[in-house]
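# Secondary and tertiary structure notes
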Amino acid sequence: GKRLTTVKHDRSLPVVAALDLGHSDLMPVLWAQEVGSELRVIRGHAYQYTSIPDMVEHWRNEGFPHIDRLILPHDAQVRDLTSGSTRQQTFEDLGLETTIAPKLSLLEGIEQTRKVLEHTWIDREEAGTLFEALAMYRSDFDETTGVTKLNPVHDWTSHWADAMRYLSIGDRSIGMLYGSRNLSGLGV
């Protein structure tokens, strides 16, 4: 069903955020809240060529919702050869509580996300780009073999979909609610 609507930040509930790390690639960040069995994506914003400290400063200066927990992809634990720090440590040094999304195969993560999307509402004004990206997220069809390729096309939609995937697999209570087997349909 259509899950694009108006869902505003409820200040009485914690906010979990997830992002797809990048620098030259698009780096979307999603802010979400759980209400019962629903996931409400209240905001989305994409960055490019932005350092982690500058991004976090932007969140704080522009009135983005306070993040109670930030979900990062597993590559946030890779050490920078220059500083010796990980991206996770950089976020934590800036005062954010982080967690690393479990390392699932891409297809397992997509299946988990499909199931979570069945219970997700996305704010039209503040996170509409996520909805558009999920609707356009796709794999190419191989004309030679007559088969759809397993891996999705790597474009702007895949970065938003990856942020949603990290949110879906990295949030403990969401994962417990929806599991990761026997899933179907994108649900958008």
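Residues numbered from 1 in each chain as written. Predicted model: local features only at pLDDT ≥ 70, side-chain atom pairs only at ≥ 80, totals over all residues. Heavy atoms only, no water.

With the rule as written, the count across this model stands at 6 salt bridges. For K115, the salt bridge identified is with E118, shortest N-O distance 3.5 Å. In this structure E118 comes out as partly exposed when scored by relative accessible area, which is 26%. A salt bridge links R165 to D162; the shortest N-O distance between them is 2.8 Å. A residue pair is termed a helical-turn pair when its members lie 3 or 4 positions apart in one helix, as R165 and D162 do in helix α5 (residues 156-170) at 3 residues. Residue R165 is classed as buried on the basis of its relative accessible area of 9%. Looking at D162, the relative accessible area reads 13%, which means it is buried. (Salt bridge = Lys/Arg side-chain N within 4 Å of Asp/Glu carboxyl O. Buried < 20%, exposed > 50% of the residue type's maximum accessible area, 1.4 Å probe, protein only. Helix = DSSP H or I, 4+ residues; strand = E, 2+ residues; numbered from the N terminus.)

The subject of this paragraph is helix α1 (residues 52-61). What α1 keeps buried is the set I52, M55, V56 and W59. Projection of α1 onto a plane perpendicular to its axis shows the buried side chains occupying an angular sector of 95 degrees, all on one side. On the buried face of α1, the contacting elements are β2 (16-19), β3 (27-35), β4 (38-47), β5 (69-72) and α2 (87-93). Measuring from the backbone nitrogen of D54 back to the side-chain oxygen at the start of α1 gives 3.2 Å, which picks out S51 as the cap. Following α1 by one or two positions, G63 adopts a phi angle in the positive range, close to 75 degrees. (Arc of directions from axis to C-beta. Contact = heavy atoms within 4.5 Å. Polar contact = N/O pair within 3.5 Å; in protein donor to acceptor, adjacent residues only side chain to side chain.)

The predicted model of the protein has a mean per-residue pLDDT of 85, with 85% of residues at 70 or higher. Confidence over residues 175-188 falls short of pLDDT 50; this stretch has 32 contacts with residues more than four positions distant or in other chains. (pLDDT = per-residue confidence, 0-100.)

Along the polypeptide, T98 turns up in strand β6 (residues 98-100). Take T98: its relative accessible area is 12%, and that puts it in the buried class. Looking at T98, its side chain comes within polar contact range of the side chain of E92, at 2.5 Å. Once you skip the residues sitting within four places of it in the chain, T98 turns out to touch L70, L72, Q88, F91 and E92.

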